[in-house]
Each structure stands twice: as structure tokens, then as C-alpha cells.
Amino acid sequence: MFEFKRIKRLPPYVFAIVNSLKSEARRRGEDIIDLGMGNPDLPTPDHIVSKLRESSKNPKNHRYSASRGITQLRMAICEWYERRYNVYLDPDINTVVTIGSKEGLSHLALAVIEPGDVALTPTPAYPIHPYAVIIAGGQVRNIPIGPGIDFFEEMENAYKNSWPRPKLLIINFPHNPTTEVVGLDFFEKVVDFAKENKLLVVHDLAYADLVFDGYKAPSFLQVKGALDVGVEFFSMTKSYSMAGWRMGFCSGNKEIVGALTKIKSYLDYGTFQPIQIASIVALRGKQDCVDKIAKTYEKRRDVLIDGLKRAGWDIPSPKATMFVWAQIPEEFRKLGSLEFSKLLMMEAKVAVSPGIGFGEGGDDYVRFALVENEQRIKQAVKGIKKFLSK
């Protein structure tokens with residue numbers, strides 16, 4: 001009876017198929033090792049939880065908060081940028097607190113994208129990057145990303161071959177799902193290109209701290225002139241293992257931040273205030289817990305990569321993120337990532353994310369999320385080795 005055109009533009013959620021198969025298998029009593037969804041299993045550090053517990057007992061904190069984030073949290077965000085990246089921000093105009101980065105990205109697209117506007121996004125990509133634009137009524141032009149691809153060159157080509165000219169560029173480094181990383185020189189080129197072509201830039205820095213082998217992820221805002229053209233999102237989810245807390249922030253250009261702040265003022269009253277207070281403690285406190293979390297993921301990465309290599313599945317070791325982006329073994333590649341993921345579930349008892357769920361260019365890959373302990377990852381490798389040896 002009813003037709004909702006915006007909803008019709010959204011494809012079926014591929015990951016739901018794998019999740020459904022996983023649930024069915026578990027109902028049958030099968031032990032499925034879930035390396036699919038990037039849902040951190042590590043606990044939030046104790047000092048952050050303690051502050052939440054303490055502040056939640058104060059009735060004053062039970063009232064509506066501020067949709068832009070409380071003042072002390074915005075100040076802590078600016079201090080975090082100054083301390084880490086030598087970037088100076090004004091807490092009143094250069095940053096706004098979001099209910100996780102996913103909410104912020106979605107509402108920012110609603111604020112700046114008009115029907116018919118074109119945005120550039122990588123493919124494959126974290127789904128909200130292109131679909132925030134589509135939900136807002138815009139059009140997406142894909143930029144291929146992956147091993148052996150010059151992303152900046154592909155971005156230039158996509159811009160030149162688009163009409164109308166793109167208004168927005170959404171990028172994400174370290175990248176989910178491909179784990180690609182860049183240096184500061186890449187962002188310098190992006191800023192120059194954006195200035196030359198009047199392009200707005202949105203950078204998602206979700207995996208800033210999950211870096212390995214001596215690699216350090218730069219911030220887009222470190223580049224001179226970045227504040228003139230764009231903003232950067234950061235999420236507390238990965239660095240502080242605060243996935244369910246839904247806490248993030250958007251910082252950078254005052255007009256873009258102002259647009260997001262204004263639209264949020266109509267849509268929400270902000271995150272529960274004790275969560276914001278606990279986030280202040282996280283950002284201002286000792287960062288040993290962040291290093292510990294990163295080391296845990298690095299060890300899990302090594303166990304998975306080394307184990308799969310012994311099983312005959314040789315995969316490059318990522319320098320960042322909590323994922324491994326694995327090209328499907330050649331003999332199975334013609335199946336596509338969804339059917340291969342189903343096979344891994346049935347034969348190896350391991351759930352992974354099919355690469356096609358991340359868009360064009362992903363169908364030769366599956367994504368492993370490092371969200372089980374080392375023993376369970378070893379068990380997963382054992383199942384995969386047995387499957388591949390058949």
C-alpha cells in the first residue's frame with residue numbers, strides 16, 4: 001500500500017544474511033566463532049566505568065543534556081587535539097559531540113547535502129559513508145580503494161568525470177574495511193585539491209589508536225588549511241572500547257561544525273550526561289589503557305595472520321584497525337564473498353563479513369574482525385585449515 005522512495009534506495013543488508021545463518025547454527029547447538037561484526041569485546045577501562053557509576057548517582061545528571069555536548073567535554077576534546085596533534089581548536093565553534101560517529105556522519109549529510117548533490121566516497125567502504133549521502137537525497141560517486149590502487153589519483157579522476165561536480169569528499173584512514181593507511185602527505189594533497197575545487201572534506205578517524213608495527217595515524221586536521229575545508233570525526237568506540245556508550249565528536253571547520261550543531265539541536269538532547277562526564281575522564285586521563293587495547297588487537301592480528309598462513313591462506317598483515325581484509329583463496333573466488341562466507345560458517349564454524357556488503361570492489365574479499373580472544377582465534381584458524389585442506 002505504501003511506497004517510501006528513500007527506503008527503496010537502500011539495498012538489502014547483506015550482513016543480515018550471515019547473522020541469520022549464525023543464529024540458526026547456534027540454535028542447533030553449534031559453536032560459531034564470530035569474527036564478523038566489528039563489535040569490540042574488550043571491557044571499557046575501569047576508571048571510565050567508575051566515573052560513569054559515580055556521576056550517574058547525581059540526580060542533576062539525569063536531566064536533558066546539551067545536544068552539542070557539555071562545555072567541559074568540548075574543552076577536553078580540544079585539549080586532546082592539541083596534545084596529540086598540535087592542533088588548536090575553539091571548543092565553542094570547532095567541535096560538537098555526537099552520539100557515536102555514525103549518528104554524526106548521518107546528520108552532517110542531512111545538514112550539507114541537497115537533492116542531486118554528488119559526494120565522493122571510497123569503495124569498498126563502511127556502509128554509512130555512502131549511505132548517509134543517499135539517505136540525505138544525494139548521489140554517490142565511488143573511488144576504488146585497495147592494495148595497489150593509487151587512491152588520490154582515482155579520486156582526481158572521479159572528480160573530473162562527475163557532473164555535477166562533487167560537493168563532498170568522505171574519507172576514512174586507517175580504512176575500514178581494507179585497512180589501507182596513509183601518511184600526512186596524503187592529507188596535504190587532499191587539502192590542496194579541496195581548496196582548488198571548493199570541495200568539503202569529511203574524514204573519519206575512528207581507528208586513530210589501533211595502529212601497529214610503529215605506524216602512527218595522522219589527523220587530517222594537522223595539515224595547514226584543513227580547517228578551511230573540512231572536519232574530522234572521532235569515536236570513543238575503538239580507542240577506549242566504549243562501543244555501546246555511543247560517544248564521538250566532530251571537529252574542524254566552524255561552518256561545517258555549526259551546520260551539524262544546528263541540525264542536532266532539532267533532533268536530540270545529547271548523550272546521557274554521565275557518559276559525557278566519563279568521556280572527559282577518558283580523554284584527559286592516562287592513555288595506558290589505549291596502548292593496552294591496541295596491543296591486544298595487534299597480538300590477535302598476529303595469531304590470525306600466522307595461523308592462516310600455515311593453513312595456506314597468505315594475507316598481508318595490516319598496519320592498523322581491528323580488522324583483517326582477506327582476499328578469498330583463488331579456488332573459491334568465483335563463488336563471491338557471500339557464498340564463501342556461508343561456506344566458512346557451515347564448514348569451519350567461523351562467521352566473517354562478506355566483502356560485497358561493503359560495496360563495489362569488495363566481492364573478492366572477506367573481513368575478519370579481531371573480536372575474539374587469541375585462543376578462540378586459534379580455534380577459528382584450526383577450523384579454517386581443516387576446511388581448506390578438503
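Residues numbered from 1 in each chain as written. Predicted model: local features only at pLDDT ≥ 70, side-chain atom pairs only at ≥ 80, totals over all residues. Heavy atoms only, no water.

Trainee: Go over the sheet that holds strand β9 (residues 323–327) with me, naming the residues and quoting the values.
Mentor: Ordered by their spatial adjacency, three strands build an open sheet running β9-β12-β11, and the pairing between neighbours is antiparallel. Taken across any chain shown, the strands that pair with only one partner, and hence form the sheet edges, are β9 and β11 (353–354). Where β11 meets strand β12 (residues 365–369), two bridges bridge the pair, whose relative direction is antiparallel. Note that in β12 the partner of serine 353 across the bridge is arginine 367. (Pairing = 2+ DSSP bridges. Helix = DSSP H or I, 4+ residues; strand = E, 2+ residues; numbered from the N terminus.)

Trainee: Explain the sheet that holds strand β2 (residues 95–98) to me, using residue names and the numbers behind them.
Mentor: Paired through backbone hydrogen bonds, the strands of a sheet run either parallel or antiparallel to each other. Strand order in this open sheet of seven strands is β2-β8-β7-β6-β5-β3-β4, and the pairing throughout is mixed. Edge positions in the sheet fall to β2 and β4 (139–144), since each has one partner strand and no second. Neighbour to neighbour, the strand axes of the sheet diverge by 20° on average, direction disregarded. Where strand β5 (residues 168–171) meets strand β6 (residues 200–204), four bridges bridge the pair, whose relative direction is parallel. Following the sheet pairing, leucine 169 is matched in β6 by valine 201. Relative to β4, helix α6 (residues 128–135) is tilted by about 160°, and along the sheet it contacts β3 (118–123), β4, β5 and β6. (Axes fitted to C-alpha atoms, helices over the stretch in contact; angles between N-to-C directions. Contact = heavy atoms within 4.5 Å.)

Trainee: Please set out a nonpolar patch on the surface residue by residue, giving values where relevant.
Mentor: Taken together, the side chains of Met1, Phe2, Phe4 and Ile7 define a hydrophobic patch exposed on the protein surface, amounting to about 620 Å² of accessible area. Mapped onto the fold, phenylalanine 2 is located in the segment before α1 (5–8). (Patch = residues over 30% accessible without salt bridge, like charges linked within 9 Å, V, L, I, M, F, W, Y side chains within 5 Å. Areas by Shrake-Rupley, 256 points an atom, 1.4 Å probe, with all protein chains shown as cover. Salt bridge = Lys/Arg side-chain N within 4 Å of Asp/Glu carboxyl O.)

Trainee: Help me get a handle on a negative patch on the surface, residues and values and all.
Mentor: Side chains of Asp185, Glu188, Asp192 and Glu196 sit close together on the surface and give a patch of like negative charge. Note that glutamate 188 resides in helix α8 (residues 184–197). Look at glutamate 188 and you get partly exposed, because its relative accessible area is 38%. (Lys, Arg positive; Asp, Glu negative; His and termini not counted. Charge placed at Lys NZ, Arg CZ, Asp CG, Glu CD. Buried < 20%, exposed > 50% of the residue type's maximum accessible area, 1.4 Å probe, protein only.)

Trainee: Could you give me a rundown of the pattern of salt bridges, with the residues and numbers involved?
Mentor: Oppositely charged side chains can pair when the atoms bearing their charge come close. Following the criterion strictly, the structure yields 19 salt bridges and no others. Between lysine 51 and glutamate 54 there is a salt bridge; the shortest N-O distance is 3.2 Å. Residue lysine 51 and its partner glutamate 54 are located together in helix α3 (residues 46–56), separated by three residues, close to a single helical turn. Note on lysine 51: relative accessible area 25%, which makes it partly exposed. Owing to a relative accessible area of 51%, glutamate 54 belongs among the exposed residues under this scheme. The closest approach of N and O atoms between lysine 264 and aspartate 268, which form a salt bridge, is 2.9 Å. For the residue pair lysine 264 and aspartate 268, the accessibility class agrees, reading buried in each case. Through salt bridges with shared partners, a single network forms among Asp213, Lys295, Glu298, Arg301 and Asp302.

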